[in-house]
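# Summary of the model geometry
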Amino acid sequence: MKVALVGATGMVGQVMLKVLEEKNFPVTELFPVASEKSVGKTITFKSKECKIVSMQDAIEAKPEIALFSAGGDISLEFAPKFAAVGTTVIDNSSAFRMNFAHKLIVPEINAKTLTKEDKIIANPNCSTIQLVMVLHPLNKKYNLKRVVVSTYQSVTGTGKNAVDQLNSEVLGDKSKKVYPYEIFKNALPHCDVFSENDYTKEEIKLMTEPLKILDDNSFKLTATAVRVPVQGGHSESVNIEFENDFEIEDIKELLSKTPGIIVQDDVKNNLYPMPLYSEGKDEVFVGRIRRDNSQDKTLNMWIVADNLRKGAATNAVQIAEYLVKNNLV
């Protein structure tokens with residue numbers, strides 16, 4: 001099982017390496033790919049030094065799987081070249097997510113749609129993944145009508161330079177600027193770039209990707225995405241209107257029995273999801289589950305997950321595991 005990892009030195013790439021190790025994924029040969037200036041340098045995988053190779057060398061090795069986490073432009077240029085030599089690409093960028101020719105996969109929800117012919121598979125946006133993990137079982141039982149989501153997103157979603165900006169500002173150094181404003185002691189209602197309709201690209205991803213993953217266009221979804229001075233883990237305040245009524249205890253029981261979800265909801269003992277405690281974990285945490293008293297058949301909840309793990313690296317590796325287990329590569 002030859003595996004290429006494109007973007008091996010980036011934040012998500014490094015977590016992908018860690019998850020591959022933790023899950024003991026059957027890698028017989030690893031081909032880490034990074035920028036040209038990194039070629040020849042080494043990274044550590046399973047206590048062994050692996051030399052970083054060029055993109056062309058990785059393509060010529062014809063790996064069974066290529067994990068991509070290097071940005072949309074890189075994916076658009078090189079993912080088809082890997083696919084052309086028979087490699088199955090799992091891409092973490094937004095390049096192929098809303099392309100009807102490629103599947104957008106959260107393994108717990110729709111991995112069964114994958115076939116050997118799917119040579120470029122899209123990994124959803126980090127905020128989308130934790131949202132649909134919760135929406136999926138609820139939709140099957142109660143039928144979604146409308147979802148309103150407000151996100152509180154970690155600086156790790158932007159990358160290493162954003163983490164450096166936050167940490168520098170904590171120490172009083174305001175010279176590093178990834179965001180248009182300071183992030184320390186602040187909240188920026190500005191994730192990614194603004195589009196012509198005044199929504200950011202992150203908000204548009206949240207409003208479109210769930211419909212494709214759930215294969216359901218019957219409900220409405222709107223979003224506001226906010227960057228906050230947190231270093232690991234995205235949080236979401238979610239308001240859900242259903243077609244069918246519900247009981248709160250039934251909602252909690254349903255989510256508690258859903259693989260990949262942990263319900264933390266004991267307000268008497270101050271138990272609720274927080275990014276501080278989701279960091280480094282693969283599960284999606286749900287709490288503050290309560291009825292919206294302003295409207296019938298409507299629910300409020302709080303969803304938290306590690307955006308670098310289930311929101312990116314872990315989901316991609318889970319897709320790879322499914323492909324191997326079902327002889328699709």
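This report concerns the structure included in the present document. (Residues numbered from 1 in each chain as written. Predicted model: local features only at pLDDT ≥ 70, side-chain atom pairs only at ≥ 80, totals over all residues. Heavy atoms only, no water.)

### Observations regarding the side chain of glutamate 169
Positionally, glutamate 169 belongs in helix H6 (residues 160-170). Reaching out from glutamate 169, the side chain makes a polar contact with the backbone nitrogen of isoleucine 183 at a distance of 2.9 Å. Those residues in contact with glutamate 169, other than ones at most four positions away along the chain, are Lys174, Lys176, Lys177, Glu182, Ile183 and Phe184. (Helix = DSSP H or I, 4+ residues; strand = E, 2+ residues; numbered from the N terminus. Polar contact = N/O pair within 3.5 Å; in protein donor to acceptor, adjacent residues only side chain to side chain. Contact = heavy atoms within 4.5 Å.)

### Points about the packing of aromatic side chains
By the definition in use, this model includes five aromatic pairs. With a centroid separation of 5.5 Å and 90° between ring planes, the pair formed by phenylalanine 68 and phenylalanine 82 is classed as edge-to-face. Of the two residues, phenylalanine 68 sits in strand E5 (residues 65-68) while phenylalanine 82 sits in helix H3 (residues 72-84), which places them 14 residues apart along the sequence. Here phenylalanine 68 matches phenylalanine 82 in class, with each residue buried. Taking 6.3 Å as the distance between ring centres and 75° as the angle between the ring planes, the aromatic pair formed by tyrosine 142 and phenylalanine 246 counts as edge-to-face. Taken together, the residues span a long stretch of sequence, with tyrosine 142 in helix H5 (residues 126-142) and phenylalanine 246 in the loop between strand E10 (234-242) and helix H8 (248-256) at a distance of 104 residues. Accessibility assignment for this pair places tyrosine 142 and phenylalanine 246 in one class, buried. Ring pairing ties together the aromatic residues Tyr142, Phe242 and Phe246, which thus form one cluster. (Phe/Tyr/Trp six-rings, centres within 6.5 Å; stacked < 30°, edge-to-face > 60°. Buried < 20%, exposed > 50% of the residue type's maximum accessible area, 1.4 Å probe, protein only.)

### A word on the pairing of E5
What you see with E5 is no split at all: Ile65 and Leu67 on one side and Ala66 and Phe68 on the other are buried throughout. Bridge count between strand E1 (residues 2-6) and E5: four bridges; the pairing is parallel. Its bridge partner lying in E5, valine 3 is registered against isoleucine 65. Taking the sense of rotation as the criterion, the β-α-β connection linking E5, H3 and strand E6 (residues 88-91) turns out right-handed. (Pairing = 2+ DSSP bridges. Right-handed = clockwise from strand over helix to strand, strands pointing away.)

### Let's talk about the sheet that holds strand E8 (residues 144-153)
The six strands lie next to each other as E9-E8-E10-E13-E12-E11, forming an open sheet whose pairing is mixed. Every interior strand has two partners, whereas the edge strands, strand E9 (220-227) and strand E11 (261-263), have only one. Between one strand axis and the next, the sheet turns by 20° as a mean value, whatever way the strands run. In terms of strand pairing, strand E12 (residues 284-291) meets strand E13 (residues 298-305) through five bridges, oriented antiparallel. By the bridge assignment, phenylalanine 285 is partnered in E13 with valine 304. (Axes fitted to C-alpha atoms, helices over the stretch in contact; angles between N-to-C directions.)

### Some thoughts on the sheet that holds E6
Strand order in this open sheet of five strands is E2-E1-E5-E6-E7, and the pairing throughout is parallel. Since the sheet does not close on itself, it has two edges, and those belong to strand E2 (29-33) and strand E7 (120-122), each with one partner. For this sheet, the mean inter-axis angle between neighbouring strands, taken without regard to orientation, is 15°. Here H3 sits on the sheet in contact with E1, E5, E6 and E7, set at roughly 175° to E5. Each of E5, E6 and E7 touches helix H10 (residues 309-325); the most contacted strand, E6, lies at about 155° to it.

### Brief notes about the nonpolar core
In this structure, Phe82, Val134, Leu138, Ile240, Leu255, Val286 and Met301 are the most contacted members of the largest nonpolar core, which totals 56 residues. Counting residues per element, this core draws most heavily on H5, which supplies eight residues. (Core = buried A, V, L, I, M, F, W, Y, C linked by side-chain atoms within 4.5 Å.)

### Looking at the pairing of E6
Here E6 shows two buried faces, one formed by Thr88 and Ile90 and the other by Val89 and Asp91. As defined by bridge partners, E5 adjoins E6 across four bridges and the pair is classed as parallel. Counted as the bridge partner of phenylalanine 68 is aspartate 91 from E6. Here E6 pairs with E7 via three bridges, running parallel. Within the sheet, the bridge partner assigned to valine 89 lies in E7 and is isoleucine 120.

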